[in-house]
Amino acid sequence: MRWSQAFIPTLREDPADAEAASHRLLVRGGFVRQLMAGVYSLLPLGRRVRTKVMRIIREEMEAIGAQEFVLPELHPAELWRRTGRYEVMADVLLTLEDHRGGELVLGPTHEEVFTLLAAELTSYRELPQLWYQIQTKFRDEPRPKSGLLRTREFTMKDSYSFDLDEEGLDRQFRAHYDAYVRIFRRLGLPAIPVVASSGAMGGSGSVEFMVPAAAGEDDVAHCPSCGYAANVERATSTLPAVEDGEGPAAPEAFPTPGVRTIADLEEFPGGAPADRQIKTLVYFLDGRATLVLLRGDHALQEQKLRDATGAVEVRPARPEEIRTLLGADAGSLGAVGVEDVPIIADLALRGRRNLVTGANVDDTHLRGVDVERDVAVSRWEDLRAVRAGEACPDCGAPLEVFRAIEAGHIFKLGTRYAEALGATVLDVDGKQVPLVMGSYGIGVERNLATIVEVHHDDKGIVWPVSVAPYEAVVTIVKVDDTDSWETGKRIYEELEALGVEVIVDDRDERPGVKFNDAELVGIPFRVTVGPRGLAEGVVELTTRATGEREELTVAEAATHVARLVEEGRRSE
RNA sequence: CGGGACGUGGCGCAGUUUGGUAGCGCGCAUCGUUCGGGACGAUGAGGUCGCCGGUUCGAAUCCGGCCGUCCCGACCA
């Protein structure tokens, strides 16, 4: 390719509305352009990288025996109603109507359609099956952001496994886990597998592959000592015991005028430290009022509440709802004596006594509360948000918490979809059993952007060779110098003949413009051809990642670069 | 959905407070001089000032409504 003919609209300045490094650099480097919020056009450079990301994913899927499909993006709404997800995913579902009034949805994922096809499986002899596709997904994200990291239309590799039993699912899950480790290694992404919440997918277990990055949207608790890693939506920690002392035989009310917060009550005479208070939150779970109890110094992890209860719609109660329910305002709430409302308490409150909590009377609190004696707890669950510095549940070392991008997610789904859509087979005993499913996703453009988040510097992108839009660029410093032109073109052609993906920068521009563009765009190897070097019979090779330069004779240049490219392709 | 900001040639911005008919830098075109790290000079093209309505002799500027985009939060296989 000749740069002079290529559409690579680089920008000299940063785009005004791009915050994340990947967003900024992909726009500046001429890889993408925004069409509307959360919807991007991929320009030739972006498309080249995307193709390479997909190729790596495809190779690793084929390597574990997956069969590629192409499924529709247009689905009948009816199918989504059958699994209940028309309602569960309503907030992200893009829906439309055809001319006959038929209700359609644009697929946000493909469990339903794949499972429908799997209903054609009839015998355990046909199992296991492993199916996948690389297809566009539509999700009406409430808040698209950070360029390609969170969009409303994107490409995803989604695969689905179908097995007779849990053991089969475990095998396929493990195969995917290993395949994902290889994929992220080849993409140059330092992804960490973490225990995750299954969210709206349902199912018995899931692992997210997280790449530490400031632009991430998830927090991961990680133990540097033993390697424990979990999304904070699932993470736990070991807490030091709190000494409560003996309490009275029954809770005692005491006036606390003006006390509204945990912190107020710590200061208030006769109050208590935060870890000896009970925090009482009122939530509506699918429309049903519920009290959520936590230790005073702990924060609720809402996803844990969702996962524990299976509730779809979870929201804090409004002030007037709280007053109606408990007869007091937030600040004086408690669960003592509450009987007609379900009470979910965090594990950290188990066995605690002599605690302080609201009395459900404004400006009044109770002391001497023994949780198990005085509160009608309906369920005990792990609900609190883990904090950095708390002890690792496995080894006790202090946990760290960092931001990360979810680059991939694998789920054990179980039989939920198979049951809803009648995907069953006959087992050895002739008994009809639902297929046991797994589902496994990697977002293509999100991974492309994540690579940029991880691999860039102040000059631009530093693509790993494995996904670079071009592996090498031949920069002709002075295009009207015949020797430079001839030599540059010859090296370019030699590189092409050697199978290197190369572009020749033949633009009549100042050298600085060409060097800067090559660095912005992130091409791994640059061969600089100019009169100065040619006078000595040499050209210059610059490695983008290290900035190292070396001189090569004209004769050896192409083979040398081709060898480096070859090594680069292999090492990632 | 709650909070905040913004919308002016392709890109980045000023002008809006105090209404008078649009400007700067980059980019683009032509010519000349330059040429190994984003050159210089000259000439030139390019804008319904997001949209609709109102106030006014006159609106980028004031008022109302709408649309769009970004950021924080909520939400999110």
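> Just checking my understanding: could you explain the packing of helix α13 (residues 482–497) against helix α16 (residues 554–571) for this structure?
Between two packed helices, both the angle of their axes relative to each other and the distance between the axes serve to describe the pair. α16 packs onto α13 with a crossing angle of 35° between their chain directions and a minimal axis gap of 9 Å. Regarding α13 and α16, the two cross each other, and that crossing is right-handed. Along the contact surface, α13 presents T487, R490, I491, E494 and L495, while α16 presents V554, A557, A558, V561 and A562. Residue classes in the contact of α13 with α16 are distributed as seven nonpolar, one polar and two charged.

> How do you make sense of the packing of aromatic side chains when you look at a structure like this?
This model, assessed by the stated rule, comprises eleven aromatic pairs. Judged by centre distance (4.9 Å) and plane angle (55°), the ring pair of W131 and F162 falls under tilted. Linking W131 in strand β7 (residues 129–138) with F162 in strand β8 (residues 153–163), this pair joins segments that are 31 residues apart in sequence. The exposure class of W131 is buried, given its relative accessible area of 7%.

> Can you help me understand the environment of R569 in this one?
Inspection of the secondary structure assignment puts R569 in helix α16. If we ignore the near neighbours within four places in the chain, the residues touching R569 are V465, E471, G499, V500 and E501. In terms of polar contacts, R569 uses its side chain to reach the backbone carbonyl oxygen of G499, at 2.8 Å. Here the side chain of R569 touches E566 through a polar contact of 3.3 Å, side chain to side chain.

> Would you mind going over the protein's contact with RNA strand B with me for this structure?
Near RNA strand B you find 46 residues, and of these R139, R143, M156, E302 and E519 are the closest. Sugar and phosphate atoms constitute 50% of the interface atoms of RNA strand B, taking the interface as everything within 4 Å of the protein. Contacts to RNA strand B include R510, whose side-chain N or O atom sits 2.8 Å from a base oxygen. R526 places a side-chain nitrogen or oxygen 3.2 Å from a base oxygen of RNA strand B. Of all the secondary-structure elements, those providing two or more residues to the surface near RNA strand B are β1 (32–36), α8 (302–309), β21 (400–414), α14 (511–521), β29 (525–529) and α15 (531–534). With seven residues, the single largest contributor to the surface near RNA strand B is α14. Classifying every residue of the surface near RNA strand B by side-chain character gives 13 nonpolar, eleven polar and 22 charged.

> What exactly am I supposed to notice about the domain arrangement of chain A here?
How big an interface is tends to be stated in terms of accessible area lost as the parts join. By the assigned domains, chain A splits into domain 1 (16–69 + 110–235 + 401–453), domain 2 (252–381) and domain 3 (463–571). Using C-alpha coordinates to define each centre, domain 1 is positioned 38 Å away from domain 2. The partner domain 2 presents four residues to the six residues of domain 1 that form the contact. Between domain 1 and domain 2 the total buried area reaches about 390 Å² when both faces are included, carbon and sulfur atoms providing 40% of it. Together, S197, V232 and E233 form the three largest contributors to the area buried by domain 1 at its contact with domain 2, with a combined 70%. At the surface where domain 1 touches domain 2, the tally comes to zero salt bridges. There are one residue pair in polar contact (both at pLDDT 80 or more) connecting domain 1 and domain 2. Class assignment of the residues belonging to the side of domain 1 that touches domain 2 gives a composition of two nonpolar, two polar and two charged.

> Explain unusual backbone geometry to me, please; I cannot follow it from the model alone.
Only a minority of non-glycine residues have a phi that is not negative, and only a minority of peptide bonds are not trans. Across the junction of L127 and P128, the peptide omega takes the value -5°, indicating a cis bond. Structurally, the position occupied by P128 is in the loop between α5 (111–118) and β7. Although it is not a glycine, S146 sits at a positive phi angle of roughly 55°. Considering the arrangement of structural elements, one finds S146 in the loop between β7 and β8. Even without being glycine, D363 reaches a positive phi, approximately 60°. If you trace the backbone, D363 turns up in the loop between β18 (355–358) and β19 (364–369).

> Before we go on, may I ask you to explain the side chain of H222 in this structure?
Within the fold, H222 resides in strand β11 (residues 218–222). If near-sequence neighbours (up to four positions away) are discounted, H222 is found in contact with G227, Y228, A229, L399, E400 and F402.

> Explanation requested: the sheet that holds β19 in the structure shown.
Hydrogen bonding along the main chain pairs the strands of a sheet, whether they run parallel or antiparallel. The sheet built from three strands is open, its strands ordered β13-β19-β18 with antiparallel pairing. The open sheet terminates on both sides in strands that have one partner only, identified here as β13 (252–255) and β18. Along the sheet, successive strands turn relative to each other by an average axial angle of 30°, direction set aside.

> I tried to follow the pattern of salt bridges on my own but got confused; where do I start?
A pair can form between side chains of opposite charge whenever their charged atoms are brought close. As enumerated under the stated definition, the model contains 47 salt bridges in all. D374 is the partner of R373 in a salt bridge, and the nearest nitrogen-oxygen pair spans 2.8 Å. Judged by its relative accessible area of 16%, D374 falls in the buried class. Where R549 meets E540, a salt bridge forms, and the shortest distance between an N and an O atom there is 3.7 Å. Using a relative accessible area of 61% as the deciding quantity, one classes R549 as exposed. Members of the salt-bridge network, linked through shared partners, are R295, D297, R384, R387 and E390.

> Can you help me understand the pairing of β11 in this one?
Across the five residues that make up β11, a large majority, four, are buried. Bridging between β11 and strand β12 (residues 229–231) involves three bridges; their strand directions are antiparallel. Paired with A221 across the strands is A230, a residue of β12. The hairpin formed by β11 and β12 contains six residues between the paired strands, and G227 there has a positive phi angle of roughly 90°.

Scoring rules and cut-offs
- Residues numbered from 1 in each chain as written.
- Chains lettered and ligands numbered in written order.
- Predicted model: local features only at pLDDT ≥ 70, side-chain atom pairs only at ≥ 80, totals over all residues.
- Heavy atoms only, no water.
- Axes fitted to C-alpha atoms, helices over the stretch in contact; angles between N-to-C directions.
- Helix = DSSP H or I, 4+ residues; strand = E, 2+ residues; numbered from the N terminus.
- Left-handed = near helix turned anticlockwise from the far one by under 90°.
- Contact = heavy atoms within 4.5 Å.
- Nonpolar A, V, L, I, M, F, W, Y, C, P; charged D, E, K, R; others polar.
- Phe/Tyr/Trp six-rings, centres within 6.5 Å; stacked < 30°, edge-to-face > 60°.
- Buried < 20%, exposed > 50% of the residue type's maximum accessible area, 1.4 Å probe, protein only.
- Polar contact = N/O pair within 3.5 Å; in protein donor to acceptor, adjacent residues only side chain to side chain.
- Near = heavy atom within 4 Å.
- Domains from an automatic or database assignment.
- Buried area = accessible area lost by both parts, 1.4 Å probe.
- Salt bridge = Lys/Arg side-chain N within 4 Å of Asp/Glu carboxyl O.
- Pairing = 2+ DSSP bridges.

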